[in-house]
Amino acid sequence: MVKDRVGAAARGATTIADRVVAKIAAQAAREALDAVPKEGSAPHASVVVHRDAARVSVSLELDYPADIARQCGAVRGRVRRQVVELAGIEVHEVSVHVERLHSARTAHDRKRGRLK
């Protein structure tokens, strides 16, 4: 006796939590950066997923001087590709927020007890 095959849509669905997508986005942002500042924080991300589309917000810190536009563009592209590839979720928007710029001179002065 041959059983009827059930289509994929009728078997169920896989749901990926927003926090998992956020971790994928944060890791992708780290990989896209030239370097994470020595005294800085690693990038972090927040995500809102609605149906099969995501909006991603990434916050990061950069060394100064840096080509901010190029680095932010690299982050946007890498985050979009990784989320699609690993989670199968389309990314409609990636917002990149640079929270702080770290200067080697400022760090040196801070160690000496003064800030210029």
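Residues numbered from 1 in each chain as written. Predicted model: local features only at pLDDT ≥ 70, side-chain atom pairs only at ≥ 80, totals over all residues. Heavy atoms only, no water.

A.B. asks: Help me understand the pairing of strand β2 (residues 53-64), please; the structure alone is not making it clear to me.
C.D. replies: Here strand β1 (residues 44-50) runs beside β2; their pairing, made up of seven bridges, is antiparallel. Within β2, the residue paired with Ala45 across the bridge is Val58. The loop that links β1 with its antiparallel partner β2 comprises two residues; one of these, Arg51, has a positive phi angle of about 60°. Regarding the hand of the β-α-β motif, the stretch spanning β2, helix α3 (residues 68-87) and strand β3 (residues 90-103) is right-handed. (Pairing = 2+ DSSP bridges. Helix = DSSP H or I, 4+ residues; strand = E, 2+ residues; numbered from the N terminus. Right-handed = clockwise from strand over helix to strand, strands pointing away.)

A.B. asks: Is there a simple way to explain unusual backbone geometry in this structure?
C.D. replies: The bulk of non-glycine residues show a negative phi, and the bulk of peptide bonds are trans. The residue after Tyr64, namely Pro65, is reached through a cis peptide bond having omega 5°. Mapped onto the elements of the fold, Pro65 is located in the loop between β2 and α3. For Arg51, which is not glycine, the phi dihedral falls at a positive 60°. Among the secondary structure elements, Arg51 is positioned in the loop between β1 and β2. Given a relative accessible area of 72%, Arg51 falls into the exposed group. (Buried < 20%, exposed > 50% of the residue type's maximum accessible area, 1.4 Å probe, protein only.)

A.B. asks: I'm lost on the pattern of salt bridges in this one. Help?
C.D. replies: Two side chains with opposite charge may pair up if their charged atoms get near one another. Scanning the model with the defined rule gives four salt bridges in all. A salt bridge links Glu93 to Arg55; its shortest N-O distance comes to 2.7 Å. Placement of Glu93 in strand β3 and of Arg55 in strand β2 is noted, with a sequence separation of 38 residues between them. Here Glu61 and Arg100 are joined by a salt bridge, their closest N and O atoms 3.8 Å apart. You can see Glu61 sitting in strand β2 and its partner Arg100 sitting in strand β3, a full 39 residues away along the chain. The buried category is assigned to Glu61, whose relative accessible area is 7%. With relative accessibility at 48%, the residue Arg100 sits in the partly exposed group. (Salt bridge = Lys/Arg side-chain N within 4 Å of Asp/Glu carboxyl O.)

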